[in-house]
Amino acid sequence: MTPATLQSHLPKTSDEIRFILDDKVHTVRGGDPTTTLLNYLRYDLERTGSKEGCAEGDCGACTVVVGTLKGDRVEYRAVNACIIFLPTLDGKELLTVESLKARGGSLHPVQAALVETHGSQCGFCTPGFVMSLYALYLKGKVPSKSEIEDALAGNLCRCTGYGPIIEAANLMFELGASELPEMGKKVSALKAIARTDTLAITGKSILTGGEKRYFAPVSVDALAALAEENPIATFLAGGTDVGLWVTKMHKELSTVIYVGDVAELLEITETKDAIEIGASVSYTDAMGLLGKYYPDMGEIVRRLGSVQIRNSGTLGGNIANGSPIGDGPPLLIAAGAKLVLRKGGDERTILLEDYFIAYGQQDLAPGEFVSRIIVPKPHQHLTFAAYKLSKRFDQDISAVCAGFGVTVEAGKVTAAKLAFGGMAATPKRAANAEAALVGNSWDKATIQNAMAVMKDDFTPLDDMRASAKYRSISAANLLMKMYLESTGDTATRVVGEKEAAHA
Ligand SMILES: Cc1cc2nc3c(=O)[nH]c(=O)nc-3n(C[C@H](O)[C@H](O)[C@H](O)COP(=O)(O)OP(=O)(O)OC[C@H]3O[C@@H](n4cnc5c(N)ncnc54)[C@H](O)[C@@H]3O)c2cc1C
Ligand code: FES
Ligand code: FES
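Small disclaimer: the values here were computed from a predicted structure and weren't measured. (Residues numbered from 1 in each chain as written. Chains lettered and ligands numbered in written order. Predicted model: local features only at pLDDT ≥ 70, side-chain atom pairs only at ≥ 80, totals over all residues.)

**Notes on the sheet that holds strand E13 (residues 338-343)**
At step 1: The sheet built from five strands is open, its strands ordered E11-E12-E17-E13-E14 with antiparallel pairing. Strand pairing shows two members of the sheet lacking a second neighbour, strand E11 (268-270) and strand E14 (346-351), which therefore form its edges. Neighbour to neighbour, the strand axes of the sheet diverge by 20° on average, direction disregarded.
At step 2: Taken together, the six bridges between E13 and strand E17 (residues 368-376) define a ladder with antiparallel strand orientation. Bridging from a neighbouring strand, Leu-339 pairs with Ile-373 of E17. (Pairing = 2+ DSSP bridges. Helix = DSSP H or I, 4+ residues; strand = E, 2+ residues; numbered from the N terminus. Axes fitted to C-alpha atoms, helices over the stretch in contact; angles between N-to-C directions.)

Quick look at the structure:
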């Protein structure tokens, strides 16, 4: 953009954070814009029910529920207050464990169920469990076993054990199914604080006193203009990486541009041939459509982090951070995904695999941002499979993550994309193994050849997640697993894998 057009696209701003808390508009002015919601609750509002266990999104002790206006309804979701920044609450409704107490003295059915089933001992984890269960309760229907297990995968309890807590989840609706919010009232309250301009906050760092700036534009043009004007700003989406830079690494982020309110980046659209996912779409919102066309991809996203992480985290952030161990890139590369990048008024589209240049180096210019991801729909000859190897089934980073897209026509492989995370300094395709497949029969001998040459594709590392040897052997074995599954053989499946997927 020229300076004159840039100026005309720079948005009107306001500097007041407004959200609904206990049915009232809560307003915040000034302060450090990278203050976490948890610190604000505990230190400023003295709402100390939400606990800090890990300050990195792992334990769930800080779980709160956030309501977001979606058309004519409010969507309530559990998130980790310890890693989200306070200003991201602007325009939303916040419910903390204290909000349940405000309902008039008696225990909420979720709390009563936990008491009834002896679901709490030392109690440190309990407010977090209450809020995760409360988010499940707000869905308004008795949850299935797998929904309960998913909902609790991001909450750790050291002393009670999960049996009684799961029992409480089964019991909560029996103790009162009518305690659901009045939707009309909630929608009106959120519409009244909906923003049409950019939130722009200037505050002082609580650590150094230095100036910090935070922008939350609501349109992609405003975002593009702000990004060009502040080329060294840190983009913030779900904050499931960026939040930890502040809570664990004590990084001072002097300028933050929040992309989570940008309407165009929150869109998911389906065309005849592709799914287009805006960079700010949460995993939770993306997994339905991804899972419809690529069931394996939906299943891996279901295992990514926890419900709280998936409610905040985005595929856009997972790609943009350039991590070699992110789960999204290998799966999307195998599906042939493209990335749309925008800088100023210009957009360019690249193959997702070309975005990752080297460790810590991506094809992203200063002031440029990820706009959306285009995932082609699978064609009739494509066999697609995805696998995640990690020490725990849920809420764990992969040692190896694999996405395989193989086209087989008349018994012969005509195209192959075998993409891996955890095997190199970037998400990477196995070029030698792919070459060993293409042009050959889709049979065991071809797979064995491809497995043998895969050793030339990667020199993985030893680290705390896995040894280099484990990574090499298991990456090759996953290809055989895919082949066996494609022939209908399910003997290689581990308990919980795939069968755990639910609609
Ligand atoms: C407890 C926990 C468990 C996790 N488990 C997993 C897991 O199982 N698998 C996995 O892959 N990851 C996991 N993660 C990592 C994390 O959830 C992902 O990397 C996530 O996708 C990041 O997305 P975000 O929206 O939170 O990004 P943010 O943290 O907001 O941003 C991440 C990076 O992307 C940049 N960015 C964000 N949006 C844009 C944009 N539109 N354009 C340009 N740059 C942008 C940011 O500046 C930053 O560099 C976990 C994290 C936590 C805390
Ligand atoms: S304090 Fe552990 S997830 Fe927030
Ligand atoms: S009751 Fe003690 S940690 Fe859960």
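**Thoughts on the site of ligand 1**
At step 1: Residues in close proximity to ligand 1 total 31 residues, the closest being Ala-237, Gly-238, Gly-317, Asn-318 and Ala-320.
At step 2: Taken together, the elements giving at least two residues each to the shell around ligand 1 come down to strand E9 (234-236), helix H10 (242-247), helix H13 (307-312), helix H14 (315-320) and E17.
At step 3: No other element matches the four residues that H14 contributes to the shell around ligand 1.
At step 4: Counting residues domain by domain, the shell around ligand 1 receives three or more from each of domain 1 (3-97 + 185-263) and domain 3 (267-486). (Near = placed C-beta within 6 Å. Domains from an automatic or database assignment.)

**Describing the nonpolar core**
A general tendency of soluble globular proteins is for nonpolar side chains to be buried together.
At step 1: By size, the foremost hydrophobic cluster in this structure holds 143 residues, and its most contacted members are Leu-133, Leu-223, Ile-257, Val-259 and Leu-479.
At step 2: Tallying contributions element by element places helix H5 (residues 126-137) first for this core, with eight residues.
At step 3: For Leu-479, the residues in contact, after removing those within four places along its chain, are Phe-404, Leu-418, Ala-433, Ile-447, Ala-450 and Met-451. (Core = buried A, V, L, I, M, F, W, Y, C linked by C-beta atoms within 7 Å. Buried ≥ 20, exposed ≤ 12 C-beta atoms within 10 Å, placed from the backbone. Contact = placed C-beta atoms within 7 Å.)

**As for the domain arrangement of the chain**
At step 1: Splitting the chain by domain gives domain 1 (3-97 + 185-263), domain 2 (104-178) and domain 3 (267-486).
At step 2: On a C-alpha basis, the centres of domain 2 and domain 3 stand 35 Å from each other.
At step 3: If you look at the interface, domain 2 gives four residues, while domain 3 gives six residues.
At step 4: A breakdown of the residues in the side of domain 2 that touches domain 3 according to their chemical character gives two nonpolar, one polar and one charged. (Nonpolar A, V, L, I, M, F, W, Y, C, P; charged D, E, K, R; others polar.)

**Quick look at the sheet that holds strand E4 (residues 63-70)**
At step 1: Read across the open sheet, the five strands follow the order E3-E2-E6-E4-E5; overall the sheet is mixed. The sheet terminates laterally at strand E3 (24-29) and strand E5 (73-80), the two strands that pair on one side only. Neighbouring strand axes in the sheet, compared pairwise and without regard to direction, differ in orientation by 35° on average.
At step 2: Note that E4 and E5 share eight bridges and pair antiparallel. Looking at E5, one finds that Gly-67 is bridged to Tyr-76.
At step 3: Across the sheet, H5 is in contact with E4 and E5; its angle to E4 comes to roughly 25°.
At step 4: The strands that helix H8 (residues 183-192) touches are strand E2 (16-21), E4, E5 and strand E6 (93-95); relative to E5, the one it contacts most, it runs at about 75°.

**Section: the environment of Thr-27**
At step 1: By the secondary structure assignment, Thr-27 is in strand E3.
At step 2: The sequence separation of Thr-27 and Asp-90 amounts to 63 residues, and the corresponding C-alpha distance is 9.1 Å.
At step 3: Discounting chain neighbours no more than four positions away, the residues touching Thr-27 are Glu-16, Ile-17 and Arg-18.

**Some points on the packing of helix H18 (residues 444-453) against helix H19 (residues 468-486)**
At step 1: As a packed pair, H18 and H19 sit with axes 9 Å apart at the nearest point and diverge in direction by 165°. Classed by the angle they form, the pair H18 and H19 counts as roughly antiparallel. Seen along the crossing, H18 lies across H19 with a hand that is right-handed. Residue-level contacts link Lys-444, Ile-447, Ala-450 and Met-451 of H18 to Ala-476, Leu-479, Met-480 and Tyr-483 of H19.
At step 2: Considered class by class, the residues forming the contact of H18 with H19 number seven nonpolar, no polar and one charged. (Parallel < 35°, antiparallel > 145°, perpendicular 65-115°, else oblique. Left-handed = near helix turned anticlockwise from the far one by under 90°.)

**Side note on unusual backbone geometry**
At step 1: Even without glycine at this site, Asp-22 takes up a positive phi of about 50°.
At step 2: Turning to its location among the elements, Asp-22 is positioned in the loop between E2 and E3.
At step 3: Taking the number of C-beta atoms within 10 Å as the measure of exposure, Asp-22 has 15 and is therefore partly exposed.
At step 4: Unlike most non-glycine residues, Gln-395 shows phi in positive territory, near 50°.
At step 5: The residue Gln-395 is located in the loop between strand E18 (382-389) and strand E19 (400-409) in this model.
At step 6: On the basis of neighbour count, Gln-395 is assigned to the buried category, with 21 C-beta atoms found within 10 Å.

**Observations concerning the packing of helix H11 (residues 283-293) against helix H12 (residues 295-303)**
At step 1: Remark: H11 packs on H12, axes separated minimally by 7 Å, with the N-to-C direction vectors making an angle of 155°. Here H12 runs roughly antiparallel to H11, going by the angle between their axes. Helix-helix and strand crossings are classified by hand; for H11 and H12 the assignment is left-handed. In this structure, H11 uses Tyr-283, Ala-286, Met-287, Leu-290 and Gly-291 to contact H12, whose residues at the interface are Pro-295, Met-297, Gly-298, Val-301 and Arg-302.
At step 2: In the contact of H11 with H12, the residues fall into seven nonpolar, two polar and one charged.

**Some thoughts on helix H2 (residues 37-44)**
At step 1: Among all positions in H2, only Leu-37, Leu-38, Asn-39, Tyr-40 and Leu-41 are buried.
At step 2: Backbone geometry just downstream of H2 places Glu-46 in the positive-phi region, at approximately 55°.

**Section: the pairing of strand E10 (residues 255-258)**
At step 1: Pairing of strand E8 (residues 211-216) with E10 involves three bridges; the strand directions are parallel. Each bridged residue has a counterpart across the sheet, and for Phe-215 the counterpart in E10 is Ile-257.
At step 2: As paired elements, E9 and E10 share three bridges and run parallel to each other. In the strand pairing of E10, Leu-236 is matched with Tyr-258.
At step 3: In this view, the connection linking E9 to its parallel neighbour E10 by way of H10 has right-handed handedness. (Right-handed = clockwise from strand over helix to strand, strands pointing away.)

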